[in-house]
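These are the residues of each chain, in order.
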There are 2 protein chains.
Amino acid sequence: MSVYFYGCITMDGYLADKNHNLNWLHQTGSIEDTGFSDFYRSMDITIMGKRTFNEISKSENVSDIYPTTQNYVFTHSAEPLPYGYTAKTCDVTAFVNAVDKNKNIWVIGGSTILSPLLDCNLVDFLIIQIAPVLLGDGISLFTQKESLNRFYLKDVKKYGQFAELIYSKQ
Amino acid sequence: MSVYFYGCITMDGYLADKNHNLNWLHQTGSIEDTGFSDFYRSMDITIMGKRTFNEISKSENVSDIYPTTQNYVFTHSAEPLPYGYTAKTCDVTAFVNAVDKNKNIWVIGGSTILSPLLDCNLVDFLIIQIAPVLLGDGISLFTQKESLNRFYLKDVKKYGQFAELIYSKQ
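Draft legend 1. View of the interface of chain B and chain A. In this assembly, 37 residues from chain B lie in contact with 37 residues from chain A. Of the roughly 3,100 Å² buried between chain B and chain A, counting both surfaces, carbon and sulfur atoms make up 61%. By the criterion of area lost to chain A, the three top residues of chain B are L134, R150 and L153 of chain B, representing 21% of everything that side buries. Counting every contact that joins chain B to chain A gives two salt bridges. The partner of E146 of chain B in a salt bridge is K18 of chain A, with the nearest N and O atoms 3.0 Å apart. Taken together, the connections running from chain B to chain A amount to 16 residue pairs in polar contact (both at pLDDT 80 or more). A total of seven residues in the side of chain B that touches chain A trace back to one element, the largest contributor, which is strand β11 (residues 152–159) of chain B. Class assignment of the residues belonging to the side of chain B that touches chain A gives a composition of 19 nonpolar, eight polar and 10 charged. With two bridges connecting them, strand β8 (residues 133–134) of chain A and strand β10 (residues 149–150) of chain B associate as antiparallel partners. Bridge pairing links L134 of chain A to N149 of chain B in β10 of chain B.

Quick look at the structure:
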């Protein structure tokens, strides 16, 4: 079982602006310009927080966005989720530790899911696209606890205006 | 006249840990493994804050570190500086605006010098090495005001365990 973070941030480390706005990202280019398709095909499970799900669910066909993965939303809300998404109320680290050893998990979006996994040393790969913008304020990707956590830089790529950095834990 | 930021940060955007410690950087590799020499040769002037100077001045031969540039330290302290460094008490944006048009300025280290220049749109190039570590807390490079500020990604490079991202304003 391997846990991947794959996603885009600004040069100053924000996933979105304060109002969850991603205009700066859409103006930079499309995720389809990157290696996303190959990445997604190799994933079995996605996990995300409720806030990330709320953003995704603004799309027209929310059930078709991640069609080949099992998709879990960590939430304490009793609101029913659309087809293709399963609510989870347990701790995300407990969930990840219980996943089959041959499955790949993609951590989508927010730091509320990523941070506890980083704190428990449960993230195996970080694949980060950096958009060439500064925002000055917003929602930070990295909010894990203070601790020196070293990864290994495997590769750097340039997809249009995105710099992609590929890190592994081992 | 062009203003360059050139320096190393962690994946989570820190120049140093809370105690100004750079062990994580030294354990990653040496700046000499990167294109630093070529970069430095093309600079005419360096500017830095007092805190960055204090870190540099712990070196044995502080006057030899930046031998071919004019080196300015922005400080309100009356303490004399070693040979090779000139104290400046004026505003850093006023200083930069008064520099000869054919000179290249390197902003060394801290956000106290970089941020007002970013706020005034006076930074022409950002050359950032990213070390493959997370710290979780420390001294952030980017502390400029909230504002969408777009650069252009010119190139990405890999120097050992450092990812280098090269951005220009135009």
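Draft legend 2. Highlighting the pattern of salt bridges. Tallied over the entire structure, the rule returns 10 salt bridges over all chains. One salt bridge in this structure joins D137 of chain B and K18 of chain B, with 4.0 Å as the shortest N-O distance. Taken together, the residues span a long stretch of sequence, with D137 of chain B in the loop between β8 (133–134) and β9 (139–140) and K18 of chain B in the loop between β2 (14–16) and α1 (23–26) at a distance of 119 residues. Each of K18 and D137 of chain A together with E146 of chain B takes part in salt bridges that share partners, so that together they form one network.

Draft legend 3. Representation of the relation of the copies chain B and chain A in the model. With an RMSD of 0.0 Å, the fit of chain B onto chain A corresponds to turning through 180° and sliding 0.0 Å along the axis. Both copies are brought into coincidence by an operation consistent with a two-fold rotation axis.

Draft legend 4. Seen up close, unusual backbone geometry. Positioned with a positive phi, H20 of chain A is a non-glycine residue whose angle comes to about 65°. Within the fold, H20 of chain A resides in the loop between β2 (14–16) and α1 (23–26). Not every positive phi belongs to a glycine, and N121 of chain B is a case in point at roughly 60°. Here N121 of chain B shows up in the loop between α5 (111–119) and β7 (125–131).

Draft legend 5. Layout of the sheet that holds β7 of chain B. All names here are of chain B. Here we have eight strands laid out as an open sheet, ordered β5-β4-β3-β6-β1-β7-β12-β11, and mixed in their pairing. If you trace the sheet from one side to the other, it starts and ends with β5 (85–88) and β11, each paired once. The average angle at which neighbouring strand axes cross in this sheet is 20°, direction not considered. Relative to strand β6 (residues 104–107), strand β3 (residues 45–49) is paired through three bridges, and the arrangement is parallel.

Draft legend 6. View of α5 of chain B. Three or more residues of α5 of chain B are buried, namely S111, I113, L114, S115, L117 and L118 of chain B. Directly after α5 of chain B, the chain includes N121 of chain B, whose backbone phi takes a positive value near 60°.

Draft legend 7. Here's a closer look at the environment of N149 of chain B. Mapped onto the elements of the fold, N149 of chain B is located in strand β10. With 81 residues separating them in the primary sequence, N149 of chain B and T68 of chain B have C-alpha atoms 32 Å apart. Once you skip the residues sitting within four places of it in the chain, N149 of chain B turns out to touch P132, V133 and L134 of chain A together with L118, N121 and K169 of chain B. A polar atom in the side chain of N149 of chain B sits 2.2 Å from the side chain of K169 of chain B.

Draft legend 8. Focus on the packing of aromatic side chains. If you walk through the whole model with that rule in mind, you get 28 aromatic pairs over all chains. When the ring of Y66 of chain B is compared with that of W106 of chain B, the centres are 5.4 Å apart and the planes differ by 90°; the resulting orientation is edge-to-face. With Y66 of chain B in the loop between α3 (50–56) and β4 (70–74) and W106 of chain B in strand β6, this residue pair connects regions lying 40 residues apart in the sequence. The pair formed by Y66 of chain B and W106 of chain B is uniform in burial state, with each residue classed as buried. Members of the aromatic cluster, connected to one another through ring pairs, are Y4, Y6, F36, F39, Y40, Y66, W106 and F125 of chain A. Against the face of F151 of chain A rests K169 of chain A, its NZ or CZ located 4.6 Å from the ring centre.

Draft legend 9. Region of interest: the sheet that holds strand β11 (residues 152–159) of chain A. Residue and element names in this part refer to chain A. In spatial order, the strands read β5-β4-β3-β6-β1-β7-β12-β11; together these eight strands make up an open sheet with mixed pairing. The strands lining the two open edges of the sheet, one partner per strand, are β5 (85–88) and β11. Averaged over all pairs of adjacent strands, the angle between their axes in this sheet comes to 20°, without regard to strand direction. As defined by bridge partners, β11 adjoins strand β12 (residues 162–168) across seven bridges and the pair is classed as antiparallel. Note on β12: the bridge partner recorded for V156 is L165. Most of the contacts of helix α5 (residues 111–119) go to strand β3 (residues 45–49), to which it runs at about 110°, and overall it touches β1 (2–10), β3, β4 (70–74) and β6 (104–107).

Draft legend 10. Highlighting the side chain of T69 of chain A. Mapped onto the fold, T69 of chain A is located in the loop between α3 (50–56) and β4. Within polar-contact distance, the side chain of T69 of chain A engages the side chain of Y40 of chain A at 2.7 Å.

Definitions and cut-offs
Counting restarts for each chain: residues are numbered from 1 in the order of the written sequence. Whichever chain is written first becomes A and whichever ligand is written first becomes 1, with later ones labelled in order. Since the coordinates come from a predicted model, pLDDT governs what is reported: local features require at least 70, and pairs of side-chain atoms require 80 or more to be given and counted, while whole-chain, interface and lining totals use all residues. The side-chain values count all of the structure's non-hydrogen atoms but skip hydrogen atoms and water molecules. What makes two residues a contact is simply this: any of their non-hydrogen atoms within 4.5 Å. Accessible-area loss on putting two parts together, using a 1.4 Å probe and summing over both, is the definition of buried area adopted here. Salt bridges are defined as contacts in which a side-chain nitrogen from Lys or Arg sits within 4 Å of a carboxyl oxygen from Asp or Glu. Between N or O atoms, a polar contact is any pair within 3.5 Å; within protein, one atom must be a potential hydrogen donor and the other a potential acceptor, and residues adjacent in sequence are included only when both atoms are from side chains. Put simply, DSSP marks the helices as runs of H or I at least four residues long and the strands as runs of E at least two long, and each gets a number from the N terminus on. Residue type decides the class: Asp, Glu, Lys and Arg count as charged, Ala, Val, Leu, Ile, Met, Phe, Trp, Tyr, Cys and Pro as nonpolar, and the leftover types, Gly among them, as polar. Strands are labelled as partners when DSSP assigns at least two bridges between them. When the copies are overlaid, the least-squares fit takes in C-alpha atoms only where the residue has pLDDT of at least 70 in both copies. The axes used here are C-alpha line fits, helices contributing only the stretch in contact, and every angle between their N-to-C directions lies in the interval 0 to 180 degrees. Burial status follows relative accessibility: with a 1.4 Å probe on protein chains alone, a residue under 20% of its type maximum counts as buried, one over 50% as exposed, and anything between as partly exposed. Centre distance within 6.5 Å is the pairing criterion for rings of Phe, Tyr and Trp, where only the six-membered ring of Trp is used; planes under 30 degrees apart are then read as stacked, over 60 as edge-to-face, and the remainder as tilted. Sitting over a ring, as applied to charges here, requires NZ of Lys or CZ of Arg to be within 6 Å of the ring centre and within 35 degrees of the ring normal.

Interpretation in functional terms is not warranted from these geometric data alone.
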